[in-house]
Structure formats: structure tokens, C-alpha cells
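Single-letter residue listing:
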Amino acid sequence: MRWVLDPEITPRLREELAGLWSEVVDAGGAVGFPPGTGPAGVLPELDRHLAGIGAGTTRLLLGVDEDGGPAATAFIVHTGHALMGHWVWLKTVMVRPAAQGAGAGRELMAEAERAIRGFGGIRAIRLTCRGGMGLERFYAACGYKEVGRVPDAIAVGGGELRDDVMMWRPLD
């Protein structure tokens, strides 16, 4: 996979990102939507990320596959808070289902860390994940530690509730 930080956001890339996001959701990925949402359903949230890019508060790390299409993403979001400018959020971390299981997720996390270290002044990365899916173990293997958990904070449908787990990766 080839990694691109801050790719040009074109209408085609926007459409491809919505398709990737929908594909990950439909495969059971914990990226904010229930299965069956579809590309149109993820567009409002994607557009919020893209607006952050336009405003200079968000950056996109994009994994591009051999065909030139998006296969992985991580949105890096600055807090915008005067007392919390030393860390960033990592959001919408996802890998195309066909690329999962072969190390692409770990590669994405390593590339995100490398990019963030290059920003200057950033001392930590924060993210949240859905409990009960093994994601805590994955992120722990990438150097993150669990620092908080809100029980039953995520309603995934059908009356099922999952914990919202906060993870932290110091860069010092």
C-alpha cells in the first residue's frame, strides 16, 4: 500500500471515500454506522471531516491500493483547545475488508504515528473504539493503552450496547 498524507480532495476521492466507509461498515467495521447505511448515509460525517481539512484542523492519511483507489484511512484531528494542543485525535481508522488480516491495519497505525511525529509539538494520540470487538487488543499491540471506558455508550442496533473505549498513545 502507498501512503499519502493530505491528498487532494476531489469529487472522485470524496465518492470513493464514501464507498470505502460504507464497505467497511457493511463488513462489520466499527466506524460509526450500522450495516446497510450506504455511501449516501456516511456522506454527512465524511463531509464534516472534509470541512475540517478545508479549515486546517484535520488531515487525512490515505492508504492507496495497487489500483490507485483508497484502501485505508485515518483522519488526524487537532483538538483546537488551547490547553490540549499537544495531542491529536485519530478518527475513522479503517482498512478495506479485502486488505484486512495481512498487516494493513498495523501499517496504517505505524504510518499515522510517523506522520504525527512529523507535525512538531504533538506528544500523544487519542482515539476511541467500540468495545467487545477485540479492537482494544489491536490498539494495545500498536502501543496504545486504555485510559477510559464508558459502559453501554454505543447503541449498535437491536438493543445491543457496547462500551466506548478511550485509547492513548504517548509519543515521548
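These numbers come from a predicted model, not from an experiment. (Residues numbered from 1 in each chain as written. Predicted model: local features only at pLDDT ≥ 70, side-chain atom pairs only at ≥ 80, totals over all residues. Heavy atoms only, no water.)

So, the overall build of the protein chain
1) Next: Looking only at helices and strands, the protein chain features 4 helices and 7 strands.
2) Next: Starting at the N terminus and ending at the C terminus, the protein chain contains elements arranged as β-α-α-β-β-β-α-β-α-β-β.
3) Next: Against the compact-globule benchmark of 16 Å for 172 residues, the protein chain has a radius of gyration of 15 Å, which places it among compact chains.
4) Next: Taking the principal axes of its C-alpha atoms as reference, the protein chain extends roughly 40 × 40 × 30 Å.
5) Next: Within the protein chain, the proportion of its 172 residues that are buried is 41%.
6) Next: In the structure as shown, the protein chain presents an accessible area of about 8700 Å², 51% of it carried by carbon and sulfur atoms.
7) Next: Within the protein chain, the 21 negative side-chain charges are centred at a point lying 6 Å from the centre of the 18 positive side-chain charges. (Helix = DSSP H or I, 4+ residues; strand = E, 2+ residues; numbered from the N terminus. Rg over C-alpha atoms; globule rule 2.2 N^0.38 Å. Buried < 20%, exposed > 50% of the residue type's maximum accessible area, 1.4 Å probe, protein only. Areas by Shrake-Rupley, 256 points an atom, 1.4 Å probe, with all protein chains shown as cover. Lys, Arg positive; Asp, Glu negative; His and termini not counted. Charge placed at Lys NZ, Arg CZ, Asp CG, Glu CD.)

Here we look at the nonpolar core
1) Next: Counting residues in hydrophobic clusters, the biggest one holds 25 residues, and the most contacted among them are Leu90, Leu108, Met109, Ile116, Tyr139 and Tyr144.
2) Next: Mapped onto this core, the elements with two or more residues apiece are β3 (70–78), β4 (87–95), α3 (104–117), β5 (124–130) and β7 (160–170).
3) Next: Tallying contributions element by element places α3 first for this core, with 5 residues.
4) Next: Those residues in contact with Leu90 that sit more than four places away from it in its chain are Ala74, Phe75, Ile76, Met109, Ala112, Ile116, Ile125, Arg126, Leu127 and Tyr144.
5) Next: Listed in part, the 17 residues of the second largest apolar core include Leu13, Leu17, Leu20 and Trp21. (Core = buried A, V, L, I, M, F, W, Y, C linked by side-chain atoms within 4.5 Å. Contact = heavy atoms within 4.5 Å.)

A closer look at the packing of aromatic side chains
1) Next: Summed over all chains, the structure comprises 5 aromatic pairs.
2) Next: Considering the side-chain rings of Trp87 and Trp168, the 5.8 Å spacing of their centres and the 65° angle between planes classify their relative orientation as edge-to-face. Placement of the pair is Trp87 in strand β4 and Trp168 in strand β7, with a sequence separation of 81 residues.
3) Next: For the pair Phe138 and Tyr139, a centre-to-centre distance of 5.1 Å together with 65° between the ring planes defines the contact as edge-to-face. (Phe/Tyr/Trp six-rings, centres within 6.5 Å; stacked < 30°, edge-to-face > 60°.)

Focus: the pairing of strand β2 (residues 58–64)
1) Next: Burial runs high along β2: 6 of the 7 residues are buried.
2) Next: For strand β1 (residues 2–5) and β2, the ladder comprises 4 bridges, and the chain directions are antiparallel. Residue Trp3 lies in a different strand from β2, and its bridge partner there is Gly63.
3) Next: In terms of strand pairing, β2 meets β3 through 7 bridges, oriented antiparallel. (Pairing = 2+ DSSP bridges.)

So, the side chain of Arg169
1) Next: Within the secondary structure, Arg169 is located in strand β7.
2) Next: Within the structure, the side chain of Arg169 is placed 3.2 Å from the side chain of Glu113, a separation counted as a polar contact.
3) Next: Excluding its chain neighbours within four sequence positions, the residues that come into contact with Arg169 are Glu113, Arg117, Arg123, Ala124, Ile125, Cys142, Gly143 and Tyr144. (Polar contact = N/O pair within 3.5 Å; in protein donor to acceptor, adjacent residues only side chain to side chain.)

Treat this as a map of the structure, not an account of what it does.
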